[in-house]
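Spelled out from the first residue to the last, the chains are:
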Amino acid sequence: MGEGALSAAEVAREVSEAIAAGDAGENGVNAFLSHDANLLSARAAALDEALEAARREGRSGGRLAGVAVALKDNLCTTDHPTTCGSRILEGYRSPYEATVVRRLRSAGALIAGKTNMDEFAMGSSTENSAFGPTRNPHDRARVPGGSSGGSAAAVAAGMVPAALGSDTAGSVRQPASFCGVVGLKPTYGAVSRYGLVAFASSLDQVGTLGRTVEDAALLLEVIAGRDTLDSTCADRPAPTLLPELDRGVDGLVVGVPEEYFPGGLDPGVRRLALEALEALESAGARVRPVSLPTTPLAIPTYYVIGPAEASSNLARFDGARFGLRVDAETTEAMSRATRSRGFGDEVKRRVLLGTHVLSAGQRDRFYARAGQVRARLAAEFAAVFDSGVDVLFTPTTPAPAFPMGDRTGDPYRMYLADVFTVPVNFAGIPAVTVPIGTVAGLPVGGQIIAPAWGEPVMVRAAAALERVVGGAR
Ligand code: GLN
């Protein structure tokens, strides 16, 4: 990725052809919810002119000059609809663009379109999209993971070299792992959330997907850094990551939390993870067993805090202001009819759960206790990093991509797909998944977790991991 030999116009044509070929038909990948070949080609023509002018004047065309990037459909754009995979926002157009989108454009990127997702980012398979599921490019009878399944599948299918997603409990890393690409969730506050449709605001973070650690890191360098439009965005400059990629793991202490290798771990995933660890050790890393004992409580805790925040954030979809309105006699009836028709089952389940755990009499039993568990999860990570561990290594998911339909009737089994990714969101720390091999043709990811603002050491270890497992750097 980066400045290449093709003009933006040529890139646009190739991208549109790849999307048309990959997404078409009953068995298509269905990675994109909106892609407009004419719009893309017009944007590319304008970009080529700007790049030509820059060249004449001896200026750089931007770090992503002519690179096509796909956006998860919960990032606001003015020239494409922003639906969040929901009927309630079908055809909705935002009056403004997300900060990350503006930064991509200023770096010379071409926005390839908007990708499919679980409705409002609630799900682990992209089967909760109101606009049909996405299929895994490695096996179209299987899910791509979720909720950023469209972004992961678009990169895996070669439609675009890179994409943005959002990660509240694993929604960048879990689909990246299922699709065999790199997916990076930054430290909470590293990237502006202005223009990211809110789900669980204390956990949501925009993340990057690419074929290599280098691509995911480059994209993060472009989108990160302070933004006065988002008060949760830290007052820090974007990190410098690319110089870290070649430094290797010699002397780094890699912690391996035993709770991430439970009895129920898929045997193929276990084997690949242990092989990757041995390879890191051969490359000079010092591997040290560690313990994060509260890990098994992370999923139940997430299904208190996540729905609580979601029920509040989604109250704005009331038929009065955004998207769908189903008319009725009174305002309350209008709101009820709109939400009944506009939201899918999983979203309704979360709103009910969230309303319940916040209700009078229940709040202390659920929400307050969940906050305590959350603090403990964060403290355990902090203690491990304080003890001299530089990064942690874990499998990204307990098993490879599952068959479509396999878990749609069993929400709890669906939720367990995030068991190794959600603790990181509670701690607000960064993590990245790297492909470490395949089991029966299905990709498996290994996760590198770092302390807060440890993106440099994280990508350093991840790039080394990529090299030792023979990845695509
Ligand atoms: N599987 C998680 C959920 O359903 C994913 C959340 C996310 O990271 N957006 O809530």
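Located above this text is the structure these notes cover.
Just so it is clear, the structure is predicted and the values come from calculations on it, not from any experiment.

Just checking my understanding: could you explain the overall build of the chain for this structure?
Counting its secondary structure elements, the chain contains 14 helices and 11 strands. Computed over the C-alpha atoms, the radius of gyration of the chain is 21 Å, within 12% of the 23 Å expected from 2.2 N^0.38 for a compact globule of 473 residues. Counting only residues that meet the buried cut, the chain has 59% of its 473 residues in that class. Relative to all contacts within the chain whose residues are 6 or more apart in sequence, the contacts with residues 24 or more apart total 75%. Summed over its atoms, the accessible surface of the chain is roughly 17,500 Å², and 51% of this surface lies on carbon and sulfur atoms.

Please explain the pairing of strand S9 (residues 391-395) as it appears in this structure.
A regular strand places its side chains so that they alternate between the two faces of the sheet. In terms of residue burial, S9 counts as a mostly covered element, since 5 of its 5 residues are buried. Residues Val 391, Phe 393 and Pro 395 of S9 are buried on one face, and the alternating residues Leu 392 and Thr 394, pointing to the opposite face, are buried as well. Direction of pairing for strand S7 (residues 253-257) relative to S9: parallel, over a ladder of 2 bridges. From the neighbouring strand, Val 254 faces S9, where its bridge partner is Val 391. In this sheet, strand S11 (residues 442-449) lies alongside S9 in antiparallel orientation, the contact comprising 4 bridges. What sits directly across from Pro 395, in S11, is Gly 446.

Explanation requested: helix H7 (residues 267-282) in the structure shown.
In an α-helix, one turn spans 3.6 residues; hence positions three or four apart end up facing the same way. In a regular helix each residue adds 1.5 Å, so 16 residues correspond to 22 Å; H7 covers 23 Å between its end C-alpha atoms and thus fits that length. Every buried residue of H7 is accounted for by Gly 268, Val 269, Leu 272, Ala 273, Ala 276, Leu 277 and Leu 280. In this structure, the buried side of H7 is in contact with S7, strand S8 (286-290), S9, strand S10 (431-439), S11 and helix H14 (455-468). In the segment just after H7, Gly 284 is the residue with positive phi, at about 115°.

Could you clarify how one ought to interpret the site of the ligand in this entry?
The environment of the ligand is made up of 15 residues, and the closest members are Gly 123, Ala 169, Ser 171, Tyr 302 and Asp 418. Within the side chain of Ser 171, one N or O atom sits 2.6 Å away from an oxygen atom of the ligand. Here the ligand, which alone exposes 300 Å², has 100% of that area covered by the protein. Looking at side-chain class alone, the shell around the ligand contains 6 nonpolar, 6 polar and 3 charged residues.

Calculation rules
- Residues numbered from 1 in each chain as written.
- Predicted model: local features only at pLDDT ≥ 70, side-chain atom pairs only at ≥ 80, totals over all residues.
- Heavy atoms only, no water.
- Helix = DSSP H or I, 4+ residues; strand = E, 2+ residues; numbered from the N terminus.
- Rg over C-alpha atoms; globule rule 2.2 N^0.38 Å.
- Buried < 20%, exposed > 50% of the residue type's maximum accessible area, 1.4 Å probe, protein only.
- Contact = heavy atoms within 4.5 Å.
- Areas by Shrake-Rupley, 256 points an atom, 1.4 Å probe, with all protein chains shown as cover.
- Pairing = 2+ DSSP bridges.
- Expected span 1.5 Å × (residues − 1).
- Near = heavy atom within 4 Å.
- Polar contact = N/O pair within 3.5 Å; in protein donor to acceptor, adjacent residues only side chain to side chain.
- Nonpolar A, V, L, I, M, F, W, Y, C, P; charged D, E, K, R; others polar.

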